[in-house]
Amino acid sequence: MFHSAYLKLTAFYVLIVMIISVSFSLVLYRISSQEIGQGLNRQTSAIRSLPNSVHFSFSFDDLEQMRLEQLATSSNRLKLNLIYFNLLILVLSSGASYFLAKRTLRPIEEMVDAQNRFTADASHELRTPLTAMKTEIEISMRDKSLSVSDVRQLLGSNLEEIGKLEYLSGALLKLARFKDDLKKDFRPVEIAEVIKEATEKASKLANEKSISIEGKVKKLQVLGDRQSLVELLIILLDNAIKYSPEKSTISIEAFTKDKQVVMTVTDEGQGIKASDLPHIFDRFYRADTSRNKEKIAGYGLGLAIAKQIVELHGGTISAESHPGQGSVFTIKIPLES
Ligand code: ADP
């Protein structure tokens, strides 16, 4: 698809260059021909105006003939040179245009590739629970001796798959929702309140694993969307809880540094391998070697949503980790001006 776009753009660039080059050559040809003609005219006039005492071995008619021949030869030579010049420009501009077309279209191609990958991943993830449900229902329908308790079990399992579908479609919607148009509703947001609300929402999960969440938070404000910021912290807290052992501690800090609000979420969990760190914010990325991958629920969308929320607020998010000891997620958002 992009190959033909490269060629079309190349042809377009070459066309522009050639229009300029040919127009320039035509003007040059006209001016030069006139100059040559006028030069030759001056020469013949000068010869004609010599005194009669000077004798020539040719007549004035011969002179006029020579003038016309000279004019034709010079014009032809000029024409030929300009044609060679334009052919050279054509060859050079074709190469340069193809290179430029590739450079122009590469970011668009990468974006389309990423979008296609995302659509394929999303479709795959949405299909998995649907296939599981379909298979279970088909098997049950073939079973003539299906009891009420079997049906209950089937419905329970179906409900679980529906829960996954609901989570996935919700996460996909969020990815589409955190876009620039939310910026128009930005208000001053108290960070301490955001952290309090997120901590309360995450506390049920934390209590199940006897994990304590500690906070060291200064009174700070950023310009933003409160609900999105709460969502952001819930994602980080949920992960910290999911990937931490029981009875561990998660700490949240918020302070200002270099005109930015800095928030950190630190856990004492399994950590993230250095090779996984650059990818954890990619959509659908889950650390591959995690032995818990099958056990710990998730689709690898949480951190992609977190990144989108932070970028919406003009900030950055990064992670540091020591496998086996824990991870620190750091968010930096510009202070309300
Ligand atoms: P999910 O948790 O649903 O798999 P995320 O996008 O939230 O998806 O996280 C991507 C991956 O990053 C996770 O699969 C996990 O391997 C890793 N990760 C994220 N947060 C942590 C954490 N606090 N400790 C260890 N690993 C983490």
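Whatever comes next refers back to the structure up there.
Residues numbered from 1 in each chain as written. Predicted model: local features only at pLDDT ≥ 70, side-chain atom pairs only at ≥ 80, totals over all residues. Heavy atoms only, no water.

**Some words on the side chain of T330**
What counts, and what does not: Strands are runs of DSSP state E lasting at least 2 residues, helices are runs of H or I lasting at least 4, and numbering of each runs from the N terminus. When accessible area is computed with a 1.4 Å probe and restricted to protein chains, residues below 20% of their type maximum are described as buried, those above 50% as exposed, and intermediate ones as partly exposed. Any pair of residues with heavy atoms lying within 4.5 Å of one another is described as a contacting pair.
Inspection of the secondary structure assignment puts T330 in strand β7 (residues 326-334). Note on T330: relative accessible area 14%, which makes it buried. The contacts of T330, once residues within four sequence positions are left out, are V262, M263, T264, T316, I317 and S318.

**Some points on the packing of aromatic side chains**
To keep things clear, this is the line we draw: Ring pairs are drawn from Phe, Tyr and Trp, using the six-membered ring of Trp, whenever the two centres fall within 6.5 Å, and their geometry is named by plane angle: stacked under 30 degrees, edge-to-face over 60, tilted for the rest. Criterion for a charge above a ring: Lys NZ or Arg CZ within 6 Å of the ring centre, and within 35 degrees of the ring normal.
Per the stated rule, a full pass over the model turns up 4 aromatic pairs. Between F118 and F284 the ring centres are 5.8 Å apart and the planes differ by 35°, which places this aromatic pair in the tilted class. Within this pair, whereas F118 is found in helix α2 (residues 60-142), its partner F284 is found in the loop between β5 (260-266) and α6 (302-312), the two being separated by 166 residues in sequence. The two residues F118 and F284 agree in class, both being buried. For R283, the ring lying beneath its charged end belongs to F118, and the centroid distance is 4.3 Å.

**Observations concerning the site of the ligand**
What counts here: By convention in this text, a residue qualifies as near a molecule or strand provided that one of its non-hydrogen atoms is within 4 Å of it. The protein chains shown are the only cover counted for residues, whose accessible areas, like all others here, come from Shrake-Rupley with a 1.4 Å probe.
Near the ligand there are 19 residues, and of these N239, Y243, D267, R286 and L303 occur at the shortest range. Summarising the interface, the protein chains cover 98% of the accessible area of the ligand, which totals 530 Å² for the free molecule. Elements with a contribution of two residues or more to the shell around the ligand: α5 (226-242), α6 and β7. Ranked by the residues each element gives to the shell around the ligand, the list is headed by α5, at 3 residues.

**Topic: the nonpolar core**
For soluble globular proteins, nonpolar side chains are generally found buried alongside one another. The following threshold applies: The term nonpolar core refers to a set of buried residues drawn from Ala, Val, Leu, Ile, Met, Phe, Trp, Tyr and Cys, joined through side-chain atoms within 4.5 Å.
Core analysis: the biggest nonpolar cluster contains 52 residues, and I191, M263, L301, F329 and I331 have the highest contact counts within it. Sorting elements by how many residues they give to this core places α5 first, with 9 residues. Sequence-distant contacts of I331, that is, excluding residues within four places in its chain, are made with L232, L236, V261, V262, M263, V310, T316 and I317.

**Here we look at helix α4 (residues 191-208)**
Helical periodicity: at 3.6 residues per turn, an α-helix aligns residues three or four positions apart in one direction. For the record, the criterion: Expected span of a helix: the number of residues minus one, times 1.5 Å. Two axes are fitted around each residue, one to the seven residues ending there and one to the seven starting there, and the angle between them is reported as the bend at that residue.
With 18 residues, α4 ought to run about 26 Å at 1.5 Å a step, and its terminal C-alpha atoms sit 26 Å apart, in line with that. Roughly 45° is the biggest bend found in α4, and it falls at A202. Along α4, the residues classified as buried are I191, V194, I195, E197, A198, T199, A202 and A206. Lining the buried residues of α4 we find β1 (187-190), β2 (212-217), β3 (221-224), α5, β4 (249-257) and β5. Just downstream of α4, S210 is the residue with a positive phi angle, here 50°.

**Points about the sheet that holds strand β6 (residues 316-322)**
This is how it is decided: A strand pair is defined by DSSP finding two or more bridges across the two strands. All axes here are fitted lines through C-alpha atoms, helices being fitted over the stretch that makes contact, and every angle between N-to-C directions spans 0 to 180 degrees.
Taken in spatial order, the 5 strands of this open sheet run β2-β4-β5-β7-β6, and their pairing is mixed. Either end of the sheet is taken by a strand with one partner, and the two such strands are β2 and β6. Shown here is a sheet whose adjacent strand axes are inclined to one another by a mean of 15°, direction ignored. Taken together, the 7 bridges between β6 and β7 define a ladder with antiparallel strand orientation. Each bridged residue has a counterpart across the sheet, and for T316 the counterpart in β7 is K332. Strands β6 and β7 of the sheet are contacted by α6, whose axis makes an angle of about 140° with β6.

**Some thoughts on the environment of S21**
Residue placement: S21 occurs in helix α1 (residues 2-48). Counting along the chain gives 263 residues from S21 to F284, while the straight-line C-alpha distance between them is 51 Å. Once you skip the residues sitting within four places of it in the chain, S21 turns out to touch F85, N86 and I89.

**Looking at the pattern of salt bridges**
Here is the rule: Definition used for salt bridges: Asp or Glu carboxyl oxygen within 4 Å of a side-chain nitrogen of Lys or Arg.
Per the stated rule, a full pass over the model turns up 11 salt bridges. When the shortest N-O distance is used, the salt bridge between K204 and E208 registers 3.8 Å. With K204 and E208 both in helix α4, this residue pair falls 4 residues apart, about one helical turn. The two residues K204 and E208 agree in class, both being exposed. What emerges from the salt-bridge pattern is a single network uniting E193, E197, K201 and R226.

**Some remarks on the packing of helix α3 (residues 148-177) against α6**
Selection criterion: Orientation is classified from the angle alone, with under 35 degrees giving roughly parallel, over 145 giving roughly antiparallel, 65 to 115 giving roughly perpendicular, and any other angle giving oblique. The sense of a crossing depends on the near helix, which, turned anticlockwise from the far helix by less than a right angle, makes the crossing left-handed and, turned clockwise, makes it right-handed. For this classification, the nonpolar set comprises Ala, Val, Leu, Ile, Met, Phe, Trp, Tyr, Cys and Pro, the charged set comprises Asp, Glu, Lys and Arg, and every other residue, Gly included, is treated as polar.
At a minimum axis separation of 9 Å, α3 and α6 run at an interaxial angle of 20°. Compared by their axis directions, α3 and α6 come out roughly parallel. Relative to α6, α3 is oriented so that their crossing is left-handed. Mapping the contact onto sequence places A171, K174 and L175 in α3 and A304, I305 and Q308 in α6. The residue makeup of the contact of α3 with α6, split by class, is 4 nonpolar, 1 polar and 1 charged.

**Describing unusual backbone geometry**
The residue K247 is not glycine, and still its phi comes out positive at about 60°. With respect to the secondary-structure elements, K247 resides in the loop between α5 and β4. Residue classification places K247 among the exposed positions, given a relative accessible area of 67%. The phi angle at D258 is positive, at roughly 50°, despite the residue not being glycine. Looking at the element boundaries, D258 is found in the loop between β4 and β5. A relative accessible area of 65% means that D258 is categorised as exposed.

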